[in-house]
Amino acid sequence: MSISEWLDSRCMRLIILFGLFSLVVNSASAGIQARFALNLEASFHQPSSVRVADDGTVYVLDGVNSRIVIFNREGKQTGVISAPVESPFSQPMDLQLFGDQIIVSDTGNGRLVILSKSGDYIKSIALPKAENDAEPTGLTLVEKVIYWSDRANSRVCATEISSGTNLRCWGEYGSSEGDFRYPFMLTTDDENYLYSVDVLNGRVQVFNERGRSFGAISRFGVTDESLLRPNGITMYSNGIMMVSDSYTGRILLFEGRGFSELLIDVKGDTLYFDQPVGITTWKDRLYVVEMAKNRVQVFDLIESEEGHSIKQPPAYFTQPTRRDCVTCHLSWSEKYQATATSDAPVLPVGSNKMCQSCHHGAVIDSRLMLGQGEQHPDYYHQAGNDLFQSDDRREEAMPEEYPTVKDDIPYCGSCHTPHRFSEEDTGLGNSQQNLWMRDSNLESEVCTKCHELHTNEERADGKRVKNHPYNIRLQPPPTPKAKHYATDEHLQHGLPESLLKAGARVTDDDQMICATCHRAHGGDGEQLLILADEKVCTECHQRQANGGEKEARKKGVHPIHFKPDRLVEIKGEKLEWIACKSCHDVHGAASKDNLLNDEDSDDSCRACHDSIYAEGADQARDKGVHPVQIDLDEPVKIQDEEVTRVTCQTCHRIHQGEEETASLIVTNDKIGALCAACHPNQHAESKKEAREKGIHPVNIELDKSVLINKREITKLDCLGCHSVHAGQEHTPSLLEDHRNGQLCEHCHESTKEISESDHNLSRSAPKSHNLLDESPDQAGLCGSCHSMHRNSTDNTMLIVGDEIPQGVESSHIARDRLCLGCHRDKGVAERSVVSDYTHPHQDIVMVTKKDSLPLLDGDEKRADIGEIGCITCHDPHDWSPSTKAATQHRNRVEGGEENLAGTVLNSFLRQKHINESFCVDCHGLETRLKFKYYHDERSRPDRASYLK
């Protein structure tokens, strides 16, 4: 007998067999019951296929996780085969066992992948394209040929495994005999006839090995014996065929061409599964992939003693029922009845189950979207018991043209419809067309019709809220001041690749839309973000991204991604983690320009930085910090920007600061210039300018470094004494308390003894006030006489001590007037009045030696050649500076408050002898007397009466 005759005889036997069945309206068959055995679970993510080897080893294709999980016959997991690193899977749907190899339909990559059972990659077989690129789904084997269904082209093809040669393909999209509306899972019988599930036609088609059609089994419908969404298919003993229906959740049994029964359990109840997809049998066991439950259920099959009648459809047929609309609108079917397993009260077209019956990979694969992550709220996807994740209902009403179910609740059909096919004005741009949107969504029209408050346009009721801009073009601006273009150079080259890979979209002209940050299906978290929380912000705003304080200072930005040291509360919300959303609200912000939670940007700062936040000078002095929220007497320019009110942002650019700074608008070496912008009278570029302004010098290098509050100071600038945010309390932001003289003595070591002398006015004159009307307690040890920044411009000695009243005779030396302002009648030191204090200076040349009694020049500065002033003989900061012993005498007796009266040989004298002084040059033998009684009239012939 020839091959053709043999084939024809086999075909004839099949036709005769089908014909015989058509003559028998009801025939008896042994019933089958399923007894639950075990579950196969391994953190599956929408598995789709299961196969069993001859020895009982089970292989489960875990498609979304791109792996194959292996179990032994007892259900214990024994291994995992991951997708090959060199050739990863993309949403695979089915697998077949071929000897010691595994064949996988790698649907997303349009190929077949062959692995060893130990997981080694062997090869890939590229598949021929037709009108579309091939998308292989179901697989079955006939000897050394693999048969695969092609979802994208509605066909079935045969490929030789060893050579990868494609042998033949047949079928096209349609409802006629031999055509498909999405072929899916495949199987064969003992005679090598091919059975292909035809999903939307609701039938199983039969072919021989060469693709010749032998009609169909079952038909589309909603009755028990009909198929609604057939998926999995397998052959059991005695020619019984099992088909899983992913929508109804049932498994139907067929014998020959006729429906036999629904699979039941040992109690006789129909078994229902949650989206059963791939099924297979091994010996007397049935394996059911329950995709929605992420598991494989295993049953022992038992033939019951009672037989079941086989319900036969009409004789051999190829035409299915009229079902184009009823394919989705089940309630339009005459035989439809709402049952406990249906989706009442919502129209079945809108149900999650209906959508998933196509989108789980049989018709289109949306497993990476619909099957994972958060979903847009609708009747089926709710967060807990609250539909919209808040106590209040939606403020925005659903558009009238968008259908809803009860109480304005949206469902899948609110946004989607299969009746719109315009490729011009729907979709998400970048050729990622979605032809099923109810309206154009190229520029987020569908989103903003519902989420009107998430736009930046004023509504009809006049309400406007502040949102992240969604109409910004990620391109270089055509002109410097062009609006709606990205200002960050990083974003002027389109959307970052990381976001594109995550599913983010922009329009074809790189304009941001809602889908740039959000995805309605498969989002991350309740806000349906493309990436988890902060990632969606920092992938675009990379300049601001950081991993905490160290990295933030390096970049000059505010730190994020850290736990605060103390509990922080903003608008009643307790923050345990600092992130972008701690300060910013992308939708509904209080501040338009920077999307801050608070209208006043400083309030956002205050929430975390309350300890260094001070409104006004008084509160700032109490905290020892720089004040904010103060209006300047006159506007100042800082980096070409006019500033009239001092806020945190005056000095800080939270996200655009200079590198290696605390988000400052200037680099660390230009801090002085930043301070000078508001404090020009306290700034000097040199000692000369400082003297002219009557202020302490700044911007000078110290001869040796000093340590002030653990900070090494080598250059005297504003921050040498001040710490803007970490100053000592009750000081003008000083590194150390100035009132005891401790801060000054770091540089002026020779002055530290003043605290033990009568020149400590808090002891000798506690009720006195200086020119700034400050008491000694207020001004501090040094401040009673000196002020660093608040002197008059002609005051070269920083003097703010008591002054000499007008009309009272005084020294012509300005520096002497500091002393005489106190040491006069009715002065602070009236008990130590200095009556005689001048020394002739005209036509006299006096020369001092180094480290000896200093003279004053015409500019009242110390000089080697000059005239005598108070400080020539006196050091006002040390009662007895000439004493070198460790137990140096003080103006007060140690251990008590008894005051040591001054004599002509102490009283702040620099030295008590005349040796090596310039006095001897003129006075010779009278020098000691003149020196000892310098302030006594007896040393002055023109005033001593007894000498006249």
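A quick note: this is a predicted structure, and the numbers were derived from the prediction, not measured.

Colleague: How should the overall build of the protein be read in this particular structure?
Modeller: Counting its regular elements, the protein contains 22 helices and 39 strands. For the protein, the residues scored as buried account for 47% of the 948 residues in total. In the structure as shown, the protein presents an accessible area of about 48,800 Å², 49% of it carried by carbon and sulfur atoms.

Colleague: What should I look at first to understand the sheet that holds strand β17 (residues 213-217) in this one?
Modeller: Backbone hydrogen bonds are what pair the strands of a sheet, in a parallel or an antiparallel way. Taking strand neighbours across the sheet as the criterion, the 4 strands line up as β14-β15-β16-β17 in an open arrangement whose pairing is antiparallel. Across the chains shown, the open sheet's two edge strands, defined by having one partner strand only, are β14 (183-188) and β17. The average undirected angle you get between the axes of adjacent strands in this sheet is 25 degrees. Pairing of strand β16 (residues 203-207) with β17 involves 3 bridges; the strand directions are antiparallel. What sits directly across from V204, in β17, is I217.

Colleague: Where do I start with the sheet that holds strand β4 (residues 67-71) in this structure?
Modeller: Taken together, the 4 strands give an open sheet; going across it, the order is β2-β3-β4-β5, and neighbouring strands pair in antiparallel fashion. Two strands bound the open sheet, and with one partner strand each, they are β2 (49-52) and β5 (77-82). Averaged over all neighbouring strand pairs, the angle between strand axes comes to 20 degrees, with direction disregarded. As paired strands, β4 and β5 are joined by 5 bridges and run antiparallel to one another. Residue pairing across strands places I68 opposite I81, the latter belonging to β5.

Colleague: Would you mind showing me how to read the nonpolar core here?
Modeller: It is characteristic of soluble globular proteins that their nonpolar side chains tend to be buried jointly. Ranked by size, the top nonpolar core spans 26 residues in total, and within it F184, Y195, V204, I233, M241 and F254 carry the most contacts. Every element with two or more residues in this core is listed here: β14, β15 (194-198), β16, β17, β18 (230-235), β19 (240-245), β20 (251-255) and β21 (258-262). Residue contacts for V204: discarding those within four places in its chain leaves Y195, S196, G215, A216, I217, L227, I233, M241 and V243.

Colleague: Just to check I follow, could you spell out the pattern of salt bridges for this structure?
Modeller: If charged atoms from side chains of opposite charge come close, those side chains can pair. Under the counting rule described, the total for this entry stands at 24 salt bridges. Of the charged contacts in the structure, one is a salt bridge between E641 and R653, with a shortest N-O distance of 3.3 Å. You can see E641 sitting in strand β33 (residues 641-646) and its partner R653 sitting in the loop between α12 (648-651) and α13 (671-678), a full 12 residues away along the chain. Taking the relative accessible area as the measure of exposure, E641 reaches 42% and is therefore partly exposed. Looking at R653, the relative accessible area reads 25%, which means it is partly exposed. Connected through shared salt-bridge partners, R35, R285 and D300 make up one network.

Colleague: Any chance you could explain the packing of aromatic side chains here in plain terms?
Modeller: Between two aromatic rings, the relevant description is the distance of the centres plus the angle of the planes. Enumeration over the complete set of coordinates arrives at 10 aromatic pairs. Put simply, the rings of Y147, W170, F180 and F207 touch in pairs and so form one group of aromatic residues. Residue placement shows K353 over the ring face of Y247; its charged tip is 5.8 Å from the ring centre.

Colleague: What is the right way to read the state of the cysteines from this model?
Modeller: In protein structure, a disulfide is the covalent linkage between the sulfur atoms of two cysteines. All told, the structure shown has 1 disulfide when counted by the stated rule. A disulfide bridge connects C157 with C169, and the sulfur atoms are separated by 2.0 Å. Judged by the torsion about the S-S bond (115 degrees), the C157/C169 disulfide is right-handed. In this pair, C157 sits in strand β12 (residues 155-160) while C169 sits in strand β13 (residues 166-170), placing the two residues 12 residues apart along the sequence. Residue class for C169 comes out partly exposed when judged on its relative accessible area of 32%.

Colleague: Quick question: what am I supposed to make of the side chain of H45 here?
Modeller: One can find H45 in the loop between β1 (26-40) and β2. Not counting the four nearest positions on each side in its chain, H45 is found in contact with D62, G63, V64, N65, N294, G371 and Q372.

Colleague: Honestly, a nonpolar patch on the surface in this entry has me stumped. Any pointers?
Modeller: Side chains of V845, V847 and I865 sit close together on the surface and give an oily, nonpolar patch of about 300 Å² of accessible area. Inspection of the secondary structure puts V847 in strand β36 (residues 846-847). Here V847 falls in the partly exposed class, since its relative accessible area comes to 45%.

Colleague: Teacher, can you tell me more about the pairing of strand β9 (residues 121-126) here?
Modeller: Every other side chain in a regular strand lies on the same face of the sheet, so the side chains alternate between the two faces. Here strand β8 (residues 111-116) runs beside β9; their pairing, made up of 5 bridges, is antiparallel. Paired with L112 across the strands is I125, a residue of β9. Connecting the antiparallel pair β8 and β9 is a turn made up of 4 residues, with G119 showing a positive phi of about 100 degrees.

Colleague: Is there a simple way to think about α13 in this case?
Modeller: Along an α-helix, residues three or four apart share an orientation, since each turn contains 3.6 residues. Turning to α13, its buried residues number three or more, namely I671, G672, L674, A676 and A677. Contacts made by the buried residues of α13 are with β32 (630-638), α12 and α15 (718-721).

Colleague: What am I meant to see in helix α2 (residues 352-359) here?
Modeller: Three or more residues of α2 are buried, namely M354, Q356, S357 and C358. Buried residues belonging to α2 abut α3 (367-370). Immediately beyond the C-terminal end of α2, within one or two residues, lies G361, with a positive phi of roughly 125 degrees.

Colleague: Can you help me understand the side chain of R367 in this one?
Modeller: Relative to the helices and strands, R367 is located in helix α3. The exposure class of R367 is buried, given its relative accessible area of 1%. A polar contact of 2.9 Å, which involves the side chain of R367, links it to the side chain of D365. Setting aside residues no more than four positions away along its own chain, R367 makes contact with Q46, S48, G63, V64, Q91, P92, M93, M291, H359, H360 and Q372.

Colleague: For this particular structure, what's the right way to read the confidence of the model for the protein?
Modeller: Regions with low pLDDT carry predicted coordinates that are not meant to be interpreted in detail. Summary statistics for the protein give a mean pLDDT of 83 and a share of 85% for residues scoring 70 or more. Contacts from residues 340-346, a stretch scored under 50 in pLDDT, to residues over four places away or in other chains number 12 contacts. Below a pLDDT of 50 lies the segment residues 383-393, which in the model reaches 14 contacts outside its immediate sequence neighbourhood of four places, other chains included.

Colleague: What am I meant to see in unusual backbone geometry here?
Modeller: For residues other than glycine, phi is negative in most cases, and the peptide bonds are mostly trans. Of note, S663 is a non-glycine position whose phi angle comes to about 60 degrees, a positive value. Looking at the element boundaries, S663 is found in the loop between α12 and α13. With a phi close to 60 degrees, D843 is a non-glycine residue in the positive phi region. Looking at the secondary structure, you find D843 in the loop between α19 (814-820) and β36.

Colleague: Help me out: how do you make sense of the environment of R257 in this one?
Modeller: Structurally, R257 is set in the loop between β20 and β21. What makes R257 buried here is its relative accessible area of 4%. For the pair formed by R257 and G215, sequence separation is 42 residues and the distance between their alpha carbons is 9.7 Å.

Colleague: How should the environment of L905 be read in this particular structure?
Modeller: One can find L905 in the loop between α20 (870-873) and α21 (919-923). Remark: the alpha-carbon pair of L905 and K932, spanning 27 residues in sequence, is separated by 7.1 Å.

What counts and what doesn't
Residues numbered from 1 in each chain as written. Predicted model: local features only at pLDDT ≥ 70, side-chain atom pairs only at ≥ 80, totals over all residues. Heavy atoms only, no water. Helix = DSSP H or I, 4+ residues; strand = E, 2+ residues; numbered from the N terminus. Buried < 20%, exposed > 50% of the residue type's maximum accessible area, 1.4 Å probe, protein only. Areas by Shrake-Rupley, 256 points an atom, 1.4 Å probe, with all protein chains shown as cover. Pairing = 2+ DSSP bridges. Axes fitted to C-alpha atoms, helices over the stretch in contact; angles between N-to-C directions. Core = buried A, V, L, I, M, F, W, Y, C linked by side-chain atoms within 4.5 Å. Contact = heavy atoms within 4.5 Å. Salt bridge = Lys/Arg side-chain N within 4 Å of Asp/Glu carboxyl O. Phe/Tyr/Trp six-rings, centres within 6.5 Å; stacked < 30°, edge-to-face > 60°. Lys NZ or Arg CZ within 6 Å of the ring centre and 35° of its normal. Disulfide = S-S within 2.5 Å. Patch = residues over 30% accessible without salt bridge, like charges linked within 9 Å, V, L, I, M, F, W, Y side chains within 5 Å. Polar contact = N/O pair within 3.5 Å; in protein donor to acceptor, adjacent residues only side chain to side chain. pLDDT = per-residue confidence, 0-100.

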